[in-house]
Amino acid sequence: MDATFFLLDITVLYSVYMILSVSLDLEYGEAGLPNFAKAAFFALGAFSVGALSVRLGAFLLGVGIEGDFKLNSLRYVMAINQSISKDPLLGLTIFSMTLITAISVSSIAGVLASYPALRLREDYLGMLLIAFSETIRVIARNYEPLVGGTFGVGVVDFLAWARAPQREQLFLLISIILASLVWIVYYRLSTSPFGRALRAIRDNELATESLGRDVVKLRMKVMVLGSAMASVAGVIYAYYVGMVNPDDFTTSKTFLVTLMVIIGGRGNPLGAIAGPAVYLAFDRFIQFVKQRIILPFDPNYLSYIILGAILILIVNKRPGGLVPEKPTITLPGEIKRLLRRENYR
Amino acid sequence: MEIMVVKCLSAGYESMRVINDVSFGVEEGEIFAVVGPNGSGKSTLLKALFGLAKVFSGQVFFNGHDITKLPSFKRIKCGLGYLAQTGNVFENLTVWENLLLAGYEYSGDHFDERLEAVLDFLPEIRSFMSRRVASLSGGERQMVALAMILLKTPTMLMFDEPTAALAPKIAASVFDRVVRLNEESGITVLLVEQNTRKALELAERALLLVSGSVRFYGSAEDLLNHKDLLSMYLGL
Amino acid sequence: MIMDLLLDAIIYGNLLSLLAVGLSLTLLTTKVANFAHGDFAAVGIYVAYTLSIIFNASPYLFLPASFVSGALLGLVIYRVVFDPLRERASLVTLMVVSMALDFILRYSIHICADVLQRSLRVFSRGIIFNDVSVNLLGLSVLGLFFISTVVTTIFLVLLYLFLFKTKVGVATRAVIENPALSEALGISVRRIYALSWMLSVAFACVAGVFLPFRITVNPDTGFSMLLSIFAAVTLGGLESLLGSVIGAYIIAFSETLGVYYLSQLGISTAYRPAISFATLTLVLLVYPRGIAGLWSKR
């Protein structure tokens, strides 16, 4: 496999999963909101790109889209890519506008999703969010003008003006920058009073409320932020794959991200780095092994089974994950000094 | 013979200590009262004696055995019964089903025997056997809870404010029952009560608990006559 | 036409009620919102299918085998997965664990399907069972309708008798209401939990056997029913076994009739899940006590 391609592939996927893990860590790890509609917010980002990139490109070029969107999208994609190869600004415009749309749409959905959080027991909330997630997928799957139904829709290549390997390197750079930005935002929030407030709500809502913190507002802020982050991941994913297909955004995706968060360590910026790394390493390993061992069945099945088993094991044996959350205790000075001295031995 | 001995018991919940360094003994066959102002830790003391609260230090002995670390259902088997204020009956089940479950571990004949004995002591229950507990009055519920514990043939019963939220006439009958239980069956009674006067009248010996510590331990009559302590802590 | 629809709805209702009652049972006892519940149905299907191929007999005959496999599977799952987490894991964690369980089960079934196909040289996806016609009072009735209704009725009646007329059943209801008090009275709460898992999975496996008589079935079919099962339980009030049964029939009728009328209006039948989703959302947000709220005082 070409080195650049391999690096691009693994880095982009890692960035996408890391952003998703961060968003879930923020919502679930820090604020205790089990956002099992994660795949839906991820999808909203990708669907924004899918629905808009071709239409926007056509609009900017002064061309109307004739005929069935589903069947013709790829043709238009190729035509638009041709224009972009001569005009980088067109590509960048499409990228930035779809990104902004994605974030906006997702944020609004995040606001809506934060309402039921108040009134429901956590597991029922999880149920509701999963139902919501599946419904979004079913709608996208059947309402063809959106993203072409089961066919999917083509996505414009906004970097068509760059030539390989610069094109790949640019995409890599963009993914890394976006992922790092998201992570830094999470890190700053987590270690700030905002983060402490979230963890306080997670651990004891009544107490926090009585202390005067507006629980509703905080929850909403978290959901909006988390949704926005997830949609950014969706945008990267859509442009990387070059196509958007609703069947890519099932609850299995939500579950995978949950797995990453739990393996890495909940409510913990370092956990959001570790989790996706472990998953990707495992996934690549299976791909590697798949080509060398012959089994009477599809090896992907086995990898899912192993992942499920790993999750159950971790919850049982090491519930904090690889990088457990450090409790925020303010230790009396004496003890702090003592501990520091221990470290020097 | 002291059926229960408590040595330097400190107990509470999570990291909070509610009772500190409590020591006393209960003689076999007596009625022992535990009184004190609200929040003094009386309920917590009982919970700790039964295994439902966290013990930080100290020991509890029952019939000579150290039961400090024993789980609740094993203490029941040793003969220690506990009538909590709430959560002591299954509301959605009928009285009969509740009693059936109290005698869960008994074989058919043994259960029938025990049930008869308990119903002889509390005959009123026969009239509402098939009703759901949730539809019963406070006093009736109390009776069912008591019947359930009696099915287990306890040698000592601990009552946590049994007359709280009961009308005075019913409360009086509860006290009568407690005394009858003690006199007829010889069951040792540890009575935690808000109604201090009544409790001290019934009891032989008593403990005054204030803010988790023992302020008086001795004859109930003495405490009843101790005007200072009574007025200072119990507003009497 | 309307007759066919009604029969179909009743059949679907029978199936769904067995599944919903099972889901409620494990939810009420161990507080697990079980995402793998649909897959248990798939397990039942493949057990019956495999046996029917090996012994060359109608899958109906292997209902007992499905039941027993389900009971064993339920026992193993409870002991290995959920018993160690008792009192340790939060509700959401339990849910996530059930998702992991769904992965494990679903893909194990996929593997079994592949292996089956290769070793016995039969189709193991897109399975459909051939039904029989039953002669009832001179009328020829669809076997599935007759058998599923009879089996479901028997099972639900037996469940009722168990819960209200046996000591262990009464203990189960007690454990659902107040596990601490039950434990104090000497009832082994863990054993009751294990038993409820055994029943839950066994019921689901039996329900599964009826599916291929009605639609083509794949290893994922169980999972795709999950939304309807959850909708039925939620509609029933999440805390009531009887509610789940009633909820199941309502959802079954809504989906069957709803999809028919939607198709008359030109809307794709793929929107079927929307019915369950709408029900679930409305009930959770507007009237969480569900149908059970009509008779429960809590």
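Residues numbered from 1 in each chain as written. Chains lettered and ligands numbered in written order. Predicted model: local features only at pLDDT ≥ 70, side-chain atom pairs only at ≥ 80, totals over all residues.

**Q** I'd love a proper account of the overall build of chain A, names of residues and values included.
**A** When you go through chain A residue by residue, the secondary structure sums to 15 helices and 2 strands. Against the globule reference of 20 Å for 345 residues, chain A gives a C-alpha radius of gyration of 22 Å, in line with a compact fold. Taken over the C-alpha atoms alone, chain A extends approximately 70 × 50 × 40 Å along its principal axes. Within chain A, the fraction of its 345 residues that count as buried is 46%. Within chain A, contacts between residues at least 6 apart in sequence are counted, and of these 82% link residues at least 24 apart. (Helix = DSSP H or I, 4+ residues; strand = E, 2+ residues; numbered from the N terminus. Rg over C-alpha atoms; globule rule 2.2 N^0.38 Å. Buried ≥ 20, exposed ≤ 12 C-beta atoms within 10 Å, placed from the backbone. Contact = placed C-beta atoms within 7 Å.)

**Q** Describe the overall build of chain B, and please don't skip the residues or the numbers.
**A** In terms of helices and strands, chain B carries 9 helices and 10 strands. Over its C-alpha trace chain B gives a radius of gyration of 17 Å, about what one expects of a compact globule, namely 18 Å for 236 residues. Dimensions along the principal axes, computed over C-alpha positions, put chain B at roughly 50 × 40 × 35 Å. Within chain B, buried positions represent 40% of all 236 residues. The long-range fraction of contacts in chain B, counting pairs at least 24 apart against all pairs at least 6 apart in sequence, stands at 67%.

**Q** Tell me about the sheet that holds strand β9 (residues 205–210) of chain B, residues and numbers included.
**A** Residue and element names in this part refer to chain B. Spatially, 6 strands are ordered β6-β7-β8-β3-β9-β10 in an open sheet, and the strand pairing comes out mixed. Of all strands in the sheet, those bounded by a partner on one side alone are β6 (80–83) and β10 (213–219). Between one strand axis and the next, the sheet turns by 15° as a mean value, whatever way the strands run. With 4 bridges joining them, strand β3 (residues 31–35) and β9 adopt parallel strand pairing. Of the residues in β9, the one forming a bridge with A33 is A206. (Pairing = 2+ DSSP bridges. Axes fitted to C-alpha atoms, helices over the stretch in contact; angles between N-to-C directions.)

**Q** Tell me about the interface of chain A and chain C, and please be specific about residues and values.
**A** Across the contact, 33 residues belong to chain A and 35 residues belong to chain C. At the level of elements, α5 (116–119), α6 (122–142), α12 (251–264) and α14 (299–317) of chain A are the ones that each hand at least two residues to the side of chain A that touches chain C. If you tally residues by element for the side of chain A that touches chain C, the top one is α6 of chain A, at 12 residues.

**Q** Would you mind going over the interface of chain C and chain B in detail, with residue names and values included?
**A** Each side of the interface is counted separately: chain C has 14 residues, and chain B has 15 residues. Those elements giving two or more residues to the side of chain C that touches chain B turn out to be α6 (167–177) and α7 (179–184) of chain C. Residue composition of the side of chain C that touches chain B, grouped by class: 8 nonpolar, 2 polar and 4 charged. (Nonpolar A, V, L, I, M, F, W, Y, C, P; charged D, E, K, R; others polar.)

**Q** Explain the pairing of strand β8 (residues 188–192) of chain B residue by residue, including any values.
**A** All names here are of chain B. The buried fraction of β8 amounts to 5 of the 5 residues, a majority that puts the element mostly inside the structure. With burial as the criterion, each face of β8 is covered, one bearing T188, L190 and V192 and the other bearing V189 and L191. As judged from the 4 bridges shared by β3 and β8, these two strands associate in the parallel manner. What sits directly across from F32, in β8, is L190. Looking at chain direction, strand β7 (residues 156–160) and β8 are connected through 5 bridges and run parallel. Bridged to D160 within β8 is V192. With helix α6 (residues 168–185) bridging β7 and its parallel neighbour β8, the resulting β-α-β unit is right-handed. (Right-handed = clockwise from strand over helix to strand, strands pointing away.)

**Q** Pulling in residues and values, what's your account of helix α5 (residues 143–165) of chain C?
**A** Look at α5 of chain C: 32 Å from first C-alpha to last across 23 residues, which is about the 33 Å you get at 1.5 Å a residue. Regarding α5 of chain C, the residues found buried are L144, I147, S148, T152 and F155 of chain C. (Expected span 1.5 Å × (residues − 1).)

**Q** A description of the sheet that holds strand β4 (residues 54–62) of chain B should follow, citing residues and the corresponding values.
**A** All names here are of chain B. Spatial ordering of the open sheet is given by β2-β1-β4-β5, a layout of 4 strands whose pairing is antiparallel. Whereas interior strands pair on both sides, the edge strands pair on one side only; in this sheet they are β2 (16–27) and β5 (65–66). Note: strand β1 (residues 2–13) against β2, 8 bridges, orientation antiparallel. By the bridge assignment, G12 is partnered in β2 with R17. Contacts between helix α1 (residues 42–50) and the sheet are confined to β1, β2 and β4, with β2 contributing the most and set at about 70° to the helix.

**Q** I'd love a proper account of the arrangement of the chains, names of residues and values included.
**A** Ranking by contact count across 2 pairs of chains in contact places chains A and C at the top. The smallest C-alpha distance separating chain A from chain B is 15 Å, and no contact links them.

**Q** A description of the domain arrangement of chain B should follow, citing residues and the corresponding values.
**A** All names here are of chain B. When cut into domains, chain B gives domain 1 (2–79 + 154–234) and domain 2 (89–153). Centre-to-centre, using C-alpha coordinates, domain 1 lies 24 Å away from domain 2. Partitioned by chemical class, the residues of the side of domain 1 that touches domain 2 number 8 nonpolar, no polar and no charged. (Domains from an automatic or database assignment.)

**Q** With reference to specific residues and values, describe the environment of E87 of chain C.
**A** All names here are of chain C. Along the chain, the position of E87 falls in the loop between α3 (63–82) and α4 (91–120). Of the residues examined, E87 has 5 C-beta atoms within 10 Å and is grouped as exposed. Sequence-wise, E87 and T30 are 57 residues apart; in three dimensions their C-alpha atoms are separated by 9.7 Å.

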